[in-house]
Amino acid sequence: MATFTPGQKPANGGGDEGVPAGDYLIILHGFTRKNSQKSGKPFLRGRFQVIHGRLKGKSFFDTISLDIDNAGSLGRLSLLSESVGQRDAFDLDSDAECRDAFCNKPFKARINREVSGQYTNNGIARYLIKETTDSDRAVIETWLLEKAEKDQFGGGGNRDGMDANGLPDEHGDPPPPDDSDNPYERRGGGRNGYGGRGNDDIPF
């Protein structure tokens, strides 16, 4: 007979398994800064969270390359900035300025999902700037108003999986490795690849 203790965690650690492939309204909830083992270039390991629908609150991890010497990375940074309404220049070397630029600003994106061994990899495949509907904008506006109200009254909500600074808490997370260890990190579909197509919202 198996003994059950209410609230116990699964034996496998109960790590975040990401979200199914699909189109979502999401935010960048927080990030940690890392350097690629292969190139030495900086990137952000971001935790993205779904803000609407039946998977509201679910999250996944993806990388944001900060290598502006790479055309693909530069293009993706521009699309992310456009998606969240960031128009002013900011310092990519500053965590505070990156957080102000990108975090807690809802946008619509197409998310892919691939399984590689023990890892479940999500990634942003497309920034759906043109496909954002009036209904989506209404949801975004409501989310922003509710967040502002929570922040005003000190009820910023559960920092599920976040540390005291609102950044991802590495303890207990499944360890998606950086681009030198995981073949999915070296491909397109929201990782470090670049499809080289001219449209502003198709996969890189």
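What you are looking at is a predicted structure, and each value in this text was computed from that prediction instead of being measured.

Student: Can you walk me through helix α2 (residues 95–102) in this structure?
Tutor: Given 3.6 residues to a turn, an α-helix orients residues that are three or four positions apart in the same direction. Looking only at α2, the buried set comprises C98, A101 and F102. Taken around the axis of α2, the buried residues stretch over an arc of 75°, which confines them to a single face. Just downstream of α2, N104 is the residue with a positive phi angle, here 60°.

Student: Any chance you could explain the packing of aromatic side chains here in plain terms?
Tutor: Remark: the centre distance and the inter-plane angle together describe each pair of aromatic rings, the angle taken between the planes. Taken as a whole and assessed by the stated rule, the structure comprises four aromatic pairs. Taking 5.5 Å as the distance between ring centres and 15° as the angle between the ring planes, the aromatic pair formed by F48 and F60 counts as stacked. Remark: F60 occurs in strand β3 (residues 59–65) and F48 occurs in strand β2 (residues 42–50); sequence separation between them is 12 residues. Here the aromatic residues F48, F60, F107 and Y127 are joined through ring pairs into a cluster of three or more. R45 extends its terminal NZ or CZ atom over the ring of F61, reaching a point 4.1 Å from the ring centre.

Student: Got a minute to help me understand the pattern of salt bridges in this structure?
Tutor: Where charged atoms from two side chains of opposite charge approach closely, those side chains can pair. Within the structure shown, the criterion is met by seven salt bridges. A salt bridge links R33 to D95; the nearest nitrogen and oxygen atoms lie 2.7 Å apart. A residue pair is termed long-range when its members are at least 10 positions apart, and R33 in strand β1 (residues 22–35) and D95 in helix α2 qualify at 62 residues. A relative accessible area of 29% places D95 in the partly exposed class.

Student: Would you mind going over unusual backbone geometry with me for this structure?
Tutor: What you tend to see is this: most non-glycine residues have negative phi, and most peptide bonds are trans. Even without a glycine there, the phi angle at N104 is positive, about 60°. Positionally, N104 belongs in the loop between α2 and β4 (107–116). Residue classification places N104 among the partly exposed positions, given a relative accessible area of 26%.

Student: Explain the pairing of β3 here, please?
Tutor: The side chains of a regular strand alternate, residue by residue, between the two faces of the sheet. With seven of seven residues buried, β3 is to be regarded as a mostly interior element. Here β3 shows no split at all, with S59, F61, T63 and S65 on one side and F60, D62 and I64 on the other all buried. Judged from the seven bridges that link them, β2 and β3 form a sheet pairing that is antiparallel. Counted as the bridge partner of L44 is I64 from β3.

Student: Teacher, can you tell me more about a negative patch on the surface here?
Tutor: A contiguous patch of negative charge on the surface is contributed by D91, D93, E97 and D100. Mapped onto the fold, E97 is located in helix α2.

Student: Help me understand the environment of S81, please; the structure alone is not making it clear to me.
Tutor: Tracing the chain through its elements places S81 in helix α1 (residues 71–84). Separated by 20 residues in the primary sequence, S81 and A101 have C-alpha atoms spaced 7.5 Å apart. In this structure, S81 is in contact with Q86, F90 and F102, ignoring residues within four places of it in sequence.

Student: Explanation requested: the sheet that holds β2 in the structure shown.
Tutor: To summarise the sheet geometry, strands pair through backbone hydrogen bonds and adopt either a parallel or an antiparallel arrangement. The five strands lie next to each other as β3-β2-β1-β4-β5, forming an open sheet whose pairing is antiparallel. The open sheet terminates on both sides in strands that have one partner only, identified here as β3 and β5 (119–127). Strand-to-strand twist of the sheet, defined as the mean angle between neighbouring strand axes without regard to direction, takes the value 40°. Bridge count for β4 against β5 is eight bridges, and the pairing is antiparallel. Across the sheet, the residue bridging to V115 is T120, located in β5. Running over the sheet, α2 touches β1 and β2 and is turned about 175° from β1.

Student: Sorry if this is basic, but what is going on with the confidence of the model for the chain here?
Tutor: Put simply, the chain has an average pLDDT of 79, and 69% of its residues get 70 or more. Across residues 157–161 the pLDDT falls below 50, and counting only partners more than four positions away or on other chains, this stretch makes eight contacts in the model. Here residues 170–204 is a poorly scored stretch, pLDDT under 50, and it has 95 contacts once near neighbours within four places are set aside; other chains count.

Student: Just checking my understanding: could you explain α1 for this structure?
Tutor: With 14 residues, α1 extends 20 Å from end C-alpha to end C-alpha; this agrees with the ideal 20 Å at 1.5 Å per step. Of all the positions in α1, only G72, S73, R76, L77, L79, L80, S81, S83 and V84 are classed as buried. Buried residues along α1 sit in contact with β3, α2, β4 and β5. You can read the cap of α1 off the contacts: a side-chain oxygen lies 2.9 Å from the backbone nitrogen of G72, and it is on N70.

About the thresholds
- Residues numbered from 1 in each chain as written.
- Predicted model: local features only at pLDDT ≥ 70, side-chain atom pairs only at ≥ 80, totals over all residues.
- Heavy atoms only, no water.
- Buried < 20%, exposed > 50% of the residue type's maximum accessible area, 1.4 Å probe, protein only.
- Helix = DSSP H or I, 4+ residues; strand = E, 2+ residues; numbered from the N terminus.
- Arc of directions from axis to C-beta.
- Phe/Tyr/Trp six-rings, centres within 6.5 Å; stacked < 30°, edge-to-face > 60°.
- Lys NZ or Arg CZ within 6 Å of the ring centre and 35° of its normal.
- Salt bridge = Lys/Arg side-chain N within 4 Å of Asp/Glu carboxyl O.
- Pairing = 2+ DSSP bridges.
- Patch = residues over 30% accessible without salt bridge, like charges linked within 9 Å, V, L, I, M, F, W, Y side chains within 5 Å.
- Areas by Shrake-Rupley, 256 points an atom, 1.4 Å probe, with all protein chains shown as cover.
- Lys, Arg positive; Asp, Glu negative; His and termini not counted.
- Charge placed at Lys NZ, Arg CZ, Asp CG, Glu CD.
- Contact = heavy atoms within 4.5 Å.
- Axes fitted to C-alpha atoms, helices over the stretch in contact; angles between N-to-C directions.
- pLDDT = per-residue confidence, 0-100.
- Expected span 1.5 Å × (residues − 1).
- Polar contact = N/O pair within 3.5 Å; in protein donor to acceptor, adjacent residues only side chain to side chain.

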